[in-house]
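Given next are the chains, with one letter for each unit.
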Amino acid sequence: MTYNQTVILIILLVTMTMFLWGRWRHDMVAVGSLLACVLTGLIATADAFTGFGHPAVISVACILILSRGLQTSGAVNVLVRHTLPKNAGPTLNLVALVGLGAALSGFMNNVGAMALLMPVAIQLAERLNLPPGRILMPLAFGTILGGMMTMIGTPPNLIVSGFRAQSGAGSFGMFDFTPVGLAVALSGVIFIAVVGWRLVPMRKQTDIEGFETGAYITEVRVAADSKAAGMTLRKLETVLDEHGAQVVGLVRNEKHLTVPRIRFKIAADDILIIEAEVETLADILSSLGLSLEEADTAFTQYNDSKKNRSETKSSQRNSDIKAISEDPGAEKPNEAEEESSQSDEVILMEFVVRPESTISGRSAADLRLRTRYGLNLLAVSREGSRAKTRLRTLKIQPGDLLLLQGTAEVLAEFAADFGCVPLANRELHIPDKRKALIAGGIMAAAVSGAAFGLLPAAISFALGVLASMVLHIVPPRAVYEAIDWPVIVLLGSLIPVAGVLESTGMADLVARFLIDNIVQGHAIMGLLLILVVTMFLSDLMNNAATAAVMCPIAIGTATALGVNADSFLMAVAIGASCAFLTPIGHQNNTLILGPGGFRFGDYWQLGLPLEILVIIVSIPLLLIFWPLG
């Protein structure tokens with residue numbers, strides 16, 4: 001063993017130990033590994049950060065942004081509403097939910113797919129009278145399985161494709177992963193839905209959200225084409241009951257009806273006063289074709305006032321320009337405010353009214369929230385009592401929770417002026433059919449561009465991101481928030497380190513050791529070993545890091561055995577997407593730890609049979625679709 005091989009082996013062993021120890025974050029460990037290689041001369045200083053420009057890293061970042069567009073536009077909400085059966089048992093519901101999670105994960109970030117479907121899973125568990133964990137764990141495992149179906153489904157697939165390109169064989173295509181990945185995902189989903197969910201330990205949830213806000217009272221308008229138009233109040237309440245909501249009043253022709261009859265027919269332009277959790281508002285609006293009354297009215301007024309202000313500014317600016325042309329020494333007008341006002345993005349934020357707040361005892365109309373601040377009071381949550389008046393005339397009390405809509409700067413000004421405490425930005429994505437179609441179209445175009453070889457994957461997805469920003473599918477301020485930066489740093493740091501494994505001959509040395517002492521020249525045994533070792537490592541450390549470490553070893557093993565390296569690279573891709581034994585192997589497993597009430601040792605009871613199933617299904621398929629010869 002040469003000096004360089006000894007050094008990289010020590011660095012690699014220390015890196016894997018630090019990953020397993022978990023004392024430091026994965027990205028910190030990866031950066032430390034990269035810098036150790038630079039300081040020992042294994043990587044030239046000029047090449048230290050070339051990994052951050054690697055196509056796999058760029059593609060992962062772009063896919064995260066495009067996934068955010070699918071989330072915020074409401075495109076996924078539509079799929080959920082049309083996919084899940086309303087009156088069925090656990091098996092059919094799990095087939096639909098886990099299958100949908102797997103399908104979404106094939107084309108968007110699987111952590112994003114899991115986050116989107118978690119509230120649905122918790123509601124489903126409540127409806128089926130099951131512990132949340134018995135729905136959450138199957139969903140988490142299903143979204144992980146779905147990632148192996150396409151090249152963009154999960155970062156390990158992109159890394160595997162990148163290593164194939166570096167070896168001179170060209171990168172894998174978008175759907176090269178599909179024949180094996182789809183079969184494995186399908187068999188896994190069926191197993192989970194029919195048998196697997198029964199293996200999940202019965203646990204009580206410990207935490208779902210950071211805080212409970214209770215039900216909000218909000219007003220929604222019935223449009224002419226709304227499904228609610230023409231419904232009786234009884235039928236409407238049946239629909240709302242599925243979302244845990246209820247009608248507490250109705251406004252028609254400015255007349256407030258607090259207790260309408262159950263046979264009362266809803267008409268277009270009626271305003272319904274609904275009590276609902278803020279998390280279910282988007283589903284209610286989308287399923288019934290309703291719109292938030294205060295938002296509609298406020299934005300009409302706000303846009304009109306904004307237009308008037310813009311015209312005033314334009315007129316003033318023209319006067320200033322004229323004055324400047326007459327007086328060359330005059331100071332040019334400052335356009336920063338005008339530009340910033342055009343670029344401000346509207347968000348939702350919750351505020352709690354403190355006892356000493358100056359807002360107490362006053363209404364939105366008294367405060368002139370729209371004309372003075374350009375803010376919309378969308379809903380109010382008040383514990384122990386129900387509002388008897390319209391939102392804009394409701395007297396605010398200490399302890400009330402207010403759901404306000406406006407720009408971040410204006411919301412901060414409101415909080416400072418009135419002594420209210422901001423709780424959190426609310427991820428309430430009111431469905432927008434136009435944006436949902438555009439978001440889906442952009443993703444489809446980006447995938448098609450990469451799938452048909454029209455553009456390299458990184459370029460195709462980068463164009464998709466640019467289109468999303470230009471069309472405001474993903475607001476420019478949210479682009480960098482959508483990226484999981486620790487993953488990007490981990491990938492950018494480990495790709496050069498993995499390259500050192502190959503350039504020093506260490507990967508070939510490890511491969512030769514495995515062949516001589518374990519595989520003993522049997523190619524199928526070598527394929528099985530690579531798959532099992534990758535699965536084992538992915539249960540203990542980040543799956544992207546596992547793929548980066550195992551790819552050079554897989555290529556070296558295949559070369560030493562004189563067989564097709566593609567079979568071994570595909571085994572790495574599958575193994576890296578099979579982190580089912582621990583809560584630390586994949587972010588989706590970590591997400592459900594609290595809400596499911598799980599312990600560290602709960603995962604293997606479903607995870608181990610599932611990993612055995614993956615091995616049984618994938619090895620024969622790898623030999624069929626990626627022959628060794």
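Here, the structure is the one placed above.
Given the structure is predicted, the values throughout are model-derived calculations rather than measurements.

Calculation criteria
The residue count restarts for each chain, going from 1 along the sequence in the order it is written. Per-residue local features of the predicted model are confined to residues with pLDDT of at least 70, and side-chain atom pairs are confined, for both listing and counting, to 80 or more; whole-chain, interface and lining totals are unaffected and use all residues. With hydrogens and water set aside, each side-chain value is computed from the structure's full complement of heavy atoms. Only DSSP runs of H or I with at least four residues qualify as helices, and only runs of E with at least two residues qualify as strands; both kinds are numbered from the N terminus onward. Per-residue accessibility, obtained with a 1.4 Å probe over protein chains only, is compared with the maximum for each type, and a residue is labelled buried under 20%, exposed over 50%, and partly exposed between these values. Residues count as neighbours in contact if any of their non-hydrogen atoms are within 4.5 Å of one another. Each accessible area is a Shrake-Rupley result for a 1.4 Å probe, and residues are judged covered by the shown protein chains and nothing else. In this analysis, the expected span of each helix is defined as 1.5 Å times one less than the number of residues it contains. Fitting one axis to the seven residues ending at a residue and another to the seven starting there, the bend at that residue is the angle between the two axes. Fitting a line to C-alpha atoms yields each axis, with helices limited to the stretch in contact; the angle taken between N-to-C directions then spans 0 to 180 degrees. Note that the term roughly parallel is reserved for angles under 35 degrees, roughly antiparallel for angles over 145, roughly perpendicular for angles of 65 to 115, and oblique for everything else. By the definition used in this description, the sense in which the near helix is turned from the far one sets the handedness, with an anticlockwise turn below a right angle giving left-handed and a clockwise turn giving right-handed. Under the scheme applied, nonpolar residues are Ala, Val, Leu, Ile, Met, Phe, Trp, Tyr, Cys and Pro; charged residues are Asp, Glu, Lys and Arg; polar residues are all the others, including Gly. Positive charge is attributed to Lys and Arg, negative charge to Asp and Glu, and no charge count is given to His or to the chain ends. Here, a salt bridge means any side-chain nitrogen of Lys or Arg that lies within 4 Å of a carboxyl oxygen of Asp or Glu. By the criterion applied in these results, polar contacts are pairs of N or O atoms within 3.5 Å in which, for protein atoms, one can donate a hydrogen and the other can accept it, and in which residues neighboring in sequence qualify only through two side-chain atoms. Patch membership requires over 30% relative accessible area and the absence of a salt bridge. Like charges are linked within 9 Å, and nonpolar side chains (Val, Leu, Ile, Met, Phe, Trp, Tyr) within 5 Å. When DSSP finds at least two bridges between two strands, those strands are taken to pair. We call a set of buried residues a nonpolar core when its members are Ala, Val, Leu, Ile, Met, Phe, Trp, Tyr or Cys and they connect through side-chain atoms within 4.5 Å of each other. Site definitions follow a grid-based scheme: protein atoms alone, a 1 Å grid, a 1.4 Å probe that fits but cannot get out for cavities, and for pockets an open set with protein on both sides within 12 Å along at least five of seven lines, plus lining residues having an atom within 4 Å of a point. Grid points are joined across faces, edges and corners, and a volume is the space filled by probe spheres set on the points.

## Some words on the overall build of the protein chain
Next up, step 1: Within the protein chain one finds 26 helices and 9 strands.
Next up, step 2: By the burial criterion, 52% of the 629 residues in the protein chain qualify as buried.
Next up, step 3: Of the contacts formed within the protein chain by residues at least 6 apart in sequence, a portion of 78% connects residues at least 24 apart.
Next up, step 4: Total accessible area computed for the protein chain in this model is approximately 28000 Å², and 60% of it derives from carbon and sulfur atoms.

## Thoughts on unusual backbone geometry
With glycine set apart, most residues show a phi of negative sign, and most peptide bonds adopt trans.
Next up, step 1: One non-glycine residue with positive phi stands out, namely Asn 129, at about 60°.
Next up, step 2: By the secondary structure assignment, Asn 129 is in the loop between α6 (110–127) and α7 (133–146).
Next up, step 3: The exposed category is assigned to Asn 129, whose relative accessible area is 70%.
Next up, step 4: The backbone phi angle of Asp 269 is positive, close to 75°, even though this residue is not glycine.

## Quick look at helix α23 (residues 543–561)
Next up, step 1: In a regular helix each residue adds 1.5 Å, so 19 residues correspond to 27 Å; α23 covers 26 Å between its end C-alpha atoms and thus fits that length.
Next up, step 2: By the largest-angle criterion, Met 550 marks the main kink of α23, which is about 30°, and a proline, Pro 552, follows within four residues.
Next up, step 3: Among the 19 residues of α23, 17 are classified as buried, and the element is accordingly described as predominantly covered.
Next up, step 4: One or two residues past the end of α23 sits Gly 562, with phi positive at roughly 70°.

## Focus on the environment of Val 532
Next up, step 1: As for its placement among the helices and strands, Val 532 is situated in helix α22 (residues 523–540).
Next up, step 2: Note: C-alpha distance between Val 532 and Cys 578 (46 residues apart in sequence) is 9.8 Å.

## Quick word on the packing of helix α3 (residues 55–72) against helix α18 (residues 457–470)
Next up, step 1: Interaxial distance between α3 and α18 falls to 9 Å at its minimum, and their mutual angle equals 30°. Viewed along their axes, α3 and α18 adopt a mutual orientation that is roughly parallel. In terms of crossing hand, the pair formed by α3 and α18 is left-handed. Contacts between α3 and α18 involve Pro 55, Ile 58, Ser 59, Cys 62, Ile 63, Ile 65 and Leu 66 on the former and, on the latter, Ala 457, Ala 458, Phe 461, Ala 462, Gly 464, Val 465 and Ser 468.
Next up, step 2: Residues belonging to the contact of α3 with α18 are distributed by class as follows: 11 nonpolar, 3 polar and no charged.

## Digging into the side chain of Arg 134
Next up, step 1: Within the secondary structure, Arg 134 sits in helix α7.
Next up, step 2: Buried charge without a partner: Arg 134 forms no salt bridge, and the closest opposite charge is Asp 602, 11 Å away.
Next up, step 3: Within polar-contact distance, the side chain of Arg 134 engages the backbone oxygen of Arg 198 at 3.1 Å.
Next up, step 4: Dropping the residues within four chain positions of it, Arg 134 is found in contact with Trp 197, Arg 198, Val 200 and Met 202.

## Structural notes on helix α8 (residues 155–166)
Next up, step 1: In a regular helix each residue adds 1.5 Å, so 12 residues correspond to 16 Å; α8 covers 17 Å between its end C-alpha atoms and thus fits that length.
Next up, step 2: By the criterion of burial, α8 is predominantly enclosed, with 10 of the 12 residues buried.
Next up, step 3: Of the positions making up α8, those classed as buried are Pro 155, Pro 156, Asn 157, Leu 158, Ile 159, Val 160, Ser 161, Gly 162, Phe 163 and Arg 164.
Next up, step 4: Positioned one or two residues after α8, Gly 168 has a phi angle of 95°, which is positive.

## As for a nonpolar patch on the surface
Next up, step 1: The grouping of Phe 452, Leu 454, Leu 455, Ile 459, Leu 463, Leu 466, Val 470 and Leu 471 at the surface amounts to a nonpolar patch, some 810 Å² of accessible area in total.
Next up, step 2: Its relative accessible area of 40% is what places Leu 471 among the partly exposed residues.

## Quick look at the pairing of strand β2 (residues 246–252)
Next up, step 1: The buried fraction of β2 is high, at 5 of 7 residues.
Next up, step 2: The pairing of β2 with strand β4 (residues 271–276) spans 5 bridges and is classified as antiparallel. Its bridge partner lying in β4, Leu 250 is registered against Leu 272.
Next up, step 3: Two elements, β2 and strand β3 (residues 255–257), share 3 bridges in a ladder whose sense is antiparallel. Within β3, the residue paired with Leu 250 across the bridge is Leu 257.
Next up, step 4: Connecting β2 to the next strand, β3, in antiparallel fashion are 2 residues, including Asn 253 with a positive phi near 55°.

## Some thoughts on the nonpolar core
Next up, step 1: One finds Leu 97, Ile 135, Phe 141, Leu 145, Phe 461 and Leu 622 to be the most contacted residues of the largest nonpolar core, which totals 149 residues.
Next up, step 2: Setting aside chain neighbours within four positions, we find Ile 135 in contact with Leu 94, Leu 97, Ala 121, Leu 124, Ala 125, Leu 128 and Leu 130.
Next up, step 3: Formed by 25 residues, the second largest nonpolar core is a distinct cluster that contains Val 222, Ile 266, Leu 272 and Leu 285.

## Quick word on the side chain of Asn 157
Next up, step 1: By the secondary structure assignment, Asn 157 is in helix α8.
Next up, step 2: Residue classification places Asn 157 among the buried positions, given a relative accessible area of 0%.
Next up, step 3: For Asn 157, the side chain forms a polar contact with the main-chain oxygen of Gly 147, separated by 3.2 Å.
Next up, step 4: Once residues lying within four places of it in the same chain are set aside, the contact partners of Asn 157 are Gly 147, Met 148, Thr 150, Met 151, Phe 177, Ala 573 and Ser 577.

## So, empty space enclosed by the protein
Next up, step 1: Evaluation of the coordinates by the stated rule reveals 5 cavities of 30 Å³ or more.
Next up, step 2: Within this model, the largest cavity holds a volume of roughly 60 Å³.
Next up, step 3: Surrounding the largest cavity, Val 60, Ile 63, Leu 64, Met 108, Asn 109, Ile 152, Gly 153, Thr 154, Pro 155 and Leu 158 form its lining.
Next up, step 4: Among the secondary structure elements, those contributing two or more residues to the lining of the largest cavity are α3 and α8.
Next up, step 5: When residues of the lining of the largest cavity are assigned to their parent elements, the largest contribution, 3 residues, is made by α3.
Next up, step 6: Classifying every residue of the lining of the largest cavity by side-chain character gives 7 nonpolar, 3 polar and no charged.

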